[in-house]
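Chain by chain, the residues:
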Amino acid sequence: MATQTDTITAPATEDAPALTLTPPAPVPVVQAEKAAGLVPVDGATKSKLEEKVDGFVADLVAQDVNSPEFGRRVDAITAMGSKEIRDAAGQSNRFLDRPVRAMDKDTGVGADLAKLRRVIEDLDPGRQGSLTAPKKLFGIIPFGNKMRDYFDSYKSSQTHISSILKSLSSGKDELLMDNAAIDTERANLWASMGRLEQMIHLSKVMDQRLEDKANELDHTDPAKAKAVRESALFYTRQRTQDLLTQMAVTVQGYLALDLVKKNNVELVKGVDRASTTTVAALRTAVTVAQALTNQKLVLDQITALNTTTANIIDSTGKLLKDNTARIHEQAASSAIPVETLQRAFQNIYDTMDAIDTFKLKALDSMKATVGTLSTEVEKSRGYIARAEGASQGGRLEGPAAEPFKLEAL
Amino acid sequence: MSQEVDAQIERAREAMARISGGRVEGGPRPGGRRRRGPNVAVVRAKRIAAAVVAILLAAVLWGAAVAPLGLGGVALVVLLVFAAAMALAVWPAERAPAPETLRTGDIKALPAQTTRWLDGQARALPAPAVTVADRIAQRLDVLSPQLAGLAPDGPEAAELRKLVGEQLPSLVGDYNRVPPPLRSQARNGRTPDAELVDGLKLIENELGELTGRLAAGDLDQLATRGRFLELKYRDGVDGRGG
């Protein structure tokens, strides 16, 4: 936080390096064909899945094509991965919900920042007219001291400011909690994607093996080859498509959650900076008051806040400790202490403007992301419905009571 | 055949777990195959205590007001106490709830009612099915406290009601309607006994998954809380240090 130091020690010279809050780019549409392969499936699992497929295909081909047993095995293909699809789809509502809530700007941190801005504007030395001009009753009789009155207004505002800063810090906690929840959700989604990925692999291998088998049967048993192609292979391809579609939606949701998380991280930065600059401005005011009017401005509330929230508002405590001495020196020696104060206020405004700009841009990204995500979720609903229908008949077991459920390991 | 082998293996596994003092996931808890709801036992103990106190009080009053009890009287009192305790321990017999109760009753009472209903059915079921029924009762035991915070008309509640309130009684009812001699005869390659056991196993499996689904929210909450503490305190300390 060298920024603050620079600003206060050399107030009139240069601006603090602006707080840059980068809104993340919107999440693009993930094509179903490209969705697979994001989560790696290790070799051992792959070979186990392939074994499963080989066993299944051998078993399928051994059955009479017209027997109910053949039908049952085809049913198992139809139901292939329906559990994985259902699981992943179950989370899609939740990951749609998050960005939408994040866009709701009139709550929490946004409202607190707006409040803080209003209070700060009231205290802004730039809006008080000339503070050094003598105050006159009816414009003629010298009466009181404008500067003294101005610094007195800090005393009445301090309770308000400290309560805003406190609620900003709890707003920051909420953002962190939100990010923690996103991390949990992303971990769950990652696991879901791993299972989907396994099913996609299984389904693709199944496609390959069935195709090979059908080609092989063309010479020996054309009727069976036809049955394999028309039922088993057909359903396998359908399932591959369903799985890929769900995978695409899940990947997109996963990326969207990351976007919300990044937004929150930036907002936390903004909140930290806003709190720090505010407290710094108040500190500066205390020092300037001492220098200009020999007035002991005691801001108990803010001092208390400093000590108790030094750990909560990152770096505030440390920054202020480092700078207090310098501000003293600066304010005492400077010919233009009011400008020092003005600069401190400018810092707050800059921070808040950066946050506002960020929020506008982030909102665009978020809207675009939610738009694509809802379209994709909607699209995948159709597939899920099919998966649901298939799962009704899919959980059958063979006569040997050996389940040939096709599911991820 | 493989069914029986499976059942045997399962039983051996449970026995091992009992011996080693551990608990097989989904297996009966050590000490006692059948359990009743704790409230039933408490109610009975209270009744017995009340009866014993009443008998003793009556004996004291008789001794004070009417005539001394004497040796025979004391013996009679002791006998009465024993008889009352024994009688109240088994009477009134718990009546298994009707399947209609399972279908329409309170969702929170459903696991206890279903367990009682299953207990009542145990006699009619083949041995491997009883083992699975025990496991279902076990699952229901685990599920029972989870239902406290469940919305009575939510999708999970509806699913549970459908599963144990409708499907389970229907499955057992269908089996019971098959004449006993036919139950062990294979039809289309499967015996009704095996069909029942497979069906019960699926229900047991589904109950396990329901428990997992209901717990998912709490597990997520816990993981989130832990992650939050990490983000706020551990990462924060690192940030300040660096």
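Residues numbered from 1 in each chain as written. Chains lettered and ligands numbered in written order. Predicted model: local features only at pLDDT ≥ 70, side-chain atom pairs only at ≥ 80, totals over all residues.

1. Details of the overall build of chain A
Inference 1: In terms of helices and strands, chain A carries 12 helices and 2 strands.
Inference 2: Ordered by position in the sequence, the α and β elements of chain A form the string α-α-α-α-α-α-α-β-β-α-α-α-α-α.
Inference 3: Looking at chain A residue by residue over its 409 residues, the buried ones come to 44%.
Inference 4: For chain A, restricting intrachain contacts to residue pairs at least 6 apart in sequence, the fraction spanning at least 24 positions comes to 87%. (Helix = DSSP H or I, 4+ residues; strand = E, 2+ residues; numbered from the N terminus. Buried ≥ 20, exposed ≤ 12 C-beta atoms within 10 Å, placed from the backbone. Contact = placed C-beta atoms within 7 Å.)

2. Section: the overall build of chain B
Inference 1: Scanning chain B from terminus to terminus reveals 8 helices and 0 strands.
Inference 2: Element order for chain B, N to C, with α for helix and β for strand: α-α-α-α-α-α-α-α.
Inference 3: Counting all 242 residues of chain B, 18% fall into the buried class.
Inference 4: Restricting the contact set of chain B to residue pairs at least 6 apart, pairs at least 24 apart contribute 69%.

3. Thoughts on the confidence of the model for chain A
Residue and element names in this part refer to chain A.
Inference 1: Across chain A, pLDDT averages 76, with 72% of residues at or above 70.
Inference 2: Least confident of the elements in chain A is helix 1 (residues 2-9), whose mean pLDDT is 37; most confident is helix 3 (residues 43-62), at 91.
Inference 3: Every residue in residues 1-16 scores below 50 in pLDDT, and together they form 30 contacts with partners more than four places removed in sequence or on other chains.
Inference 4: In this model, residues 392-403 is a region of pLDDT below 50 whose contacts with residues beyond four sequence positions or in other chains number 21 contacts. (pLDDT = per-residue confidence, 0-100.)

4. Comments concerning the nonpolar core
Residues and elements named next belong to chain A.
Inference 1: Grouped together as the largest cluster of nonpolar side chains are 94 residues, with contacts concentrated most on A35, A232, L244, M247, A248, A274 and A285.
Inference 2: Residue assignment for this core shows that the elements contributing at least two residues are helix 2 (32-35), helix 3, helix 4 (68-78), helix 5 (82-90), helix 7 (109-123), helix 8 (146-220), helix 9 (222-293) and helix 12 (337-394).
Inference 3: Broken down by element, this core gets its largest block of residues, 29 residues, from helix 9.
Inference 4: The contact partners of A35, leaving out residues within four places of it in the chain, are V30, L244, M247, A248 and V251. (Core = buried A, V, L, I, M, F, W, Y, C linked by C-beta atoms within 7 Å.)

5. As for the packing of helix 7 of chain A against helix 9 of chain A
Residues and elements named next belong to chain A.
Inference 1: Where helix 7 meets helix 9, the closest approach of the two axes is 12 Å, and the angle between their N-to-C directions is 25°. Considering their axes alone, helix 7 and helix 9 lie roughly parallel with respect to each other. Judged by the twist between their axes, the crossing of helix 7 over helix 9 is left-handed. Residues V109, L113, L116 and I120 of helix 7 form the contact with helix 9, whose own contacting residues are L267, V271, A274 and T278. (Axes fitted to C-alpha atoms, helices over the stretch in contact; angles between N-to-C directions. Parallel < 35°, antiparallel > 145°, perpendicular 65-115°, else oblique. Left-handed = near helix turned anticlockwise from the far one by under 90°.)

6. Remarks on the packing of helix 4 of chain A against helix 9 of chain A
All names here are of chain A.
Inference 1: Running from N to C, helix 4 and helix 9 cross one another at 15°; their axes reach a closest spacing of 8 Å. What the angle tells us is that helix 4 and helix 9 run roughly parallel. When the axes of helix 4 and helix 9 are compared, the crossing they make is right-handed. For the pair formed by helix 4 and helix 9, the contact residues are V74, I77 and T78 on the first element and S231, A232, Y235, T236 and R239 on the second.
Inference 2: Residue composition of the contact of helix 4 with helix 9, by class: 4 nonpolar, 3 polar and 1 charged. (Nonpolar A, V, L, I, M, F, W, Y, C, P; charged D, E, K, R; others polar.)

7. Side note on the confidence of the model for chain B
Residue and element names in this part refer to chain B.
Inference 1: For chain B, per-residue confidence averages 79 on the pLDDT scale, and 79% of positions sit at 70 or higher.
Inference 2: Mean pLDDT in chain B bottoms out at helix 1 (residues 2-20), which sits at 62, and peaks at helix 6 (residues 127-146), which reaches 90.
Inference 3: Here residues 237-242 is a poorly scored stretch, pLDDT under 50, and it has 2 contacts once near neighbours within four places are set aside; other chains count.
Inference 4: With a pTM of 0.69, the predicted complex shows an ipTM of 0.71.

8. Structural notes on helix 8 of chain A
Inference 1: An ideal rise of 1.5 Å per residue puts 111 Å on 75 residues; helix 8 of chain A measures up with 105 Å between its terminal C-alpha atoms.
Inference 2: Taking the largest bend as the criterion, helix 8 of chain A deviates by roughly 45°, centred on S157 of chain A. (Expected span 1.5 Å × (residues − 1). Bend = angle between axes of the 7 residues up to and from the residue.)

9. Re unusual backbone geometry
Inference 1: Residue N188 of chain B is not a glycine yet carries a positive backbone phi of 55°.
Inference 2: On the secondary structure map, N188 of chain B appears in the loop between helix 7 (155-177) and helix 8 (192-241).

10. Description of the environment of Q290 of chain A
Inference 1: Counting through the fold element by element, Q290 of chain A comes out in helix 9.
Inference 2: Between the C-alpha atom of Q290 of chain A and that of F151 of chain A, which follows or precedes it by 139 residues, the distance is 9.9 Å.

11. Some thoughts on the environment of A214 of chain A
Residue and element names in this part refer to chain A.
Inference 1: With respect to the element layout, A214 can be found in helix 8.
Inference 2: Residue classification places A214 among the buried residues on the basis of 20 C-beta atoms within 10 Å.
Inference 3: For the pair A214 and K224, spaced 10 residues apart in sequence, the C-alpha to C-alpha distance is 7.8 Å.
Inference 4: Ignoring anything within four residues of it in the chain, the contact list for A214 reads A225, V228, R229 and L233.

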